[in-house]
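# Commentary on secondary and tertiary structure
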Amino acid sequence: MRVKIDVSEEELDGDYGAVPGLIITCTRCRHSVEVFGTEENSVKRGAVMLRGECPFDEDNYYEA
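Residues numbered from 1 in each chain as written. Predicted model: local features only at pLDDT ≥ 70, side-chain atom pairs only at ≥ 80, totals over all residues. Heavy atoms only, no water.

## Describing the overall build of the protein chain
- Counting secondary structure elements, the protein chain contains 1 helix and 4 strands.
- Counted from the first residue to the last, the protein chain has its helices and strands arranged as β-β-β-α-β.
- Computed over its C-alpha atoms, the radius of gyration of the protein chain comes to 12 Å, within 12% of the 11 Å expected for a compact globule of 64 residues.
- Here the C-alpha coordinates of the protein chain stretch approximately 35 × 20 × 15 Å along the principal axes.
- Of all intrachain contacts in the protein chain linking residues separated by at least 6 positions in sequence, the fraction that spans at least 24 positions is 27%.
- In the form shown here, the protein chain has an accessible surface area of approximately 4,500 Å², with 46% of it arising from carbon and sulfur atoms.
- Looking at charge distribution, the protein chain has the averaged site of its 7 positive side-chain charges lying 10 Å from that of its 14 negative ones. (Helix = DSSP H or I, 4+ residues; strand = E, 2+ residues; numbered from the N terminus. Rg over C-alpha atoms; globule rule 2.2 N^0.38 Å. Contact = heavy atoms within 4.5 Å. Areas by Shrake-Rupley, 256 points an atom, 1.4 Å probe, with all protein chains shown as cover. Lys, Arg positive; Asp, Glu negative; His and termini not counted. Charge placed at Lys NZ, Arg CZ, Asp CG, Glu CD.)

Spelled out as structure tokens, the structure:
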């Protein structure tokens, strides 16, 4: 199933202070993950993480 995601830029806590990152949220179940970086590859990484961490064990394909 294709599911939309919400992407928001945030300052995330890194090992040495705040770093730019993204919070990727599933629009279906509202589960979210944090990823470092703000490029397109970071969005893709977040979508893969959401698929692996789905609380309902669904194998969704996420798109922004």
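## Focus on the pairing of strand β2 (residues 17-26)
- As defined by bridge partners, strand β1 (residues 2-14) adjoins β2 across 10 bridges and the pair is classed as antiparallel. Bridge pairing links E10 to G21 in β2. (Pairing = 2+ DSSP bridges.)

## Describing the nonpolar core
- Counting 13 residues, the largest nonpolar core has I5, I24, L50 and Y62 as the members making the most contacts within it.
- Counting only elements with at least two residues in this core, the list comes to β1, β2, β3 (32-36) and α1 (40-53).
- In terms of residue count, the dominant contributor to this core is α1 (4 residues).
- Discounting chain neighbours no more than four positions away, the residues touching I5 are I24, T25, C26, T27, V43, L50, Y62, E63 and A64. (Core = buried A, V, L, I, M, F, W, Y, C linked by side-chain atoms within 4.5 Å. Buried < 20%, exposed > 50% of the residue type's maximum accessible area, 1.4 Å probe, protein only.)

## Comments concerning the packing of aromatic side chains
- A full pass over the atoms with the stated rule returns 0 aromatic pairs.
- The cationic tip of R51 hangs over the ring face of Y61; the distance from NZ or CZ to the ring centre is 4.5 Å. (Phe/Tyr/Trp six-rings, centres within 6.5 Å; stacked < 30°, edge-to-face > 60°. Lys NZ or Arg CZ within 6 Å of the ring centre and 35° of its normal.)

## Points about α1
- Along its 14 residues, α1 runs 20 Å from first to last C-alpha, staying within 8% of the 20 Å computed at 1.5 Å per residue.
- Within the sequence span of α1, burial applies to S42, V43, G46, A47, M49 and L50. The buried residues of α1 all sit within an arc of 165 degrees when viewed along its axis, so they share a single face. Of the exposed residues in α1, those oriented more than 90 degrees away from the buried face are E40, N41, V48 and G52.
- On the buried face of α1, the contacting elements are β1, β2, β3 and β4 (61-63). (Expected span 1.5 Å × (residues − 1). Arc of directions from axis to C-beta.)

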